[in-house]
Amino acid sequence: MATTQANPQERIARERLTQRPTFIGVDGNGGAHYWSSYEQTVVVVEGYDAETVELAETPFATLGEWCEYTHRERGWEIGPHVGGTLVDDLVRAVKA
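Residues numbered from 1 in each chain as written. Predicted model: local features only at pLDDT ≥ 70, side-chain atom pairs only at ≥ 80, totals over all residues. Heavy atoms only, no water.

## Quick word on the pattern of salt bridges
Link 1 in the chain: Inspection of the entire model under this criterion finds 4 salt bridges.
Link 2 in the chain: One salt bridge connects Glu 10 with Arg 20, and the closest N-O pair in it is separated by 3.3 Å. Here the residue Glu 10 occupies a position in helix H1 (residues 8-16), and Arg 20 occupies one in the loop between H1 and strand S1 (22-27), the gap between them amounting to 10 residues.
Link 3 in the chain: Given the relative accessible area of 13%, Glu 10 is considered buried.
Link 4 in the chain: Across the pair Arg 74 and Glu 46 runs a salt bridge, and its minimum N-O distance is 3.0 Å. With Arg 74 in the loop between helix H2 (63-73) and strand S5 (76-78) and Glu 46 in strand S3 (residues 41-46), the pair connects residues that are 28 residues apart, well separated along the chain.
Link 5 in the chain: When salt bridges that share partners are traced, they join Glu 10, Arg 14 and Arg 20 into one network. (Salt bridge = Lys/Arg side-chain N within 4 Å of Asp/Glu carboxyl O. Helix = DSSP H or I, 4+ residues; strand = E, 2+ residues; numbered from the N terminus. Buried < 20%, exposed > 50% of the residue type's maximum accessible area, 1.4 Å probe, protein only.)

## A look at the sheet that holds S5
Link 1 in the chain: Spatially, 5 strands are ordered S4-S3-S2-S1-S5 in an open sheet, and the strand pairing comes out antiparallel. Pairing within the sheet leaves two strands with one partner each, and these edge strands are strand S4 (49-54) and S5. Mean inter-strand twist for the sheet, computed between neighbouring axes without regard to direction, equals 30°.
Link 2 in the chain: By the bridge criterion, 6 bridges tie S3 to S4 in an arrangement that is antiparallel. Bridge assignment links Val 42 to a residue of S4, and that residue is Val 53.
Link 3 in the chain: Those strands touched by H1 are strand S2 (32-36), S3 and S4, and its axis lies near 140° from that of S3. (Pairing = 2+ DSSP bridges. Axes fitted to C-alpha atoms, helices over the stretch in contact; angles between N-to-C directions. Contact = heavy atoms within 4.5 Å.)

Quick look at the structure:
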């Protein structure tokens, strides 16, 4: 029987949010980013430390803008896995 146990970073993110977060990706510094659409909040977990960022308290209006900012500041090792469609993914793959 398979189990779905969260990794340590996801558990930390869950503790900071009221609903289960969505994994966004891992930035260039190793910070795992999790998103709560309900709370419009990003949790960045590095090791066992976490920072909670409400988009309303930033200059970013959307999660996409947050991801662009993270790309400029830290880069992405994994992801970001944000929105879009299968067609968008295919177009990006062809351009790469």
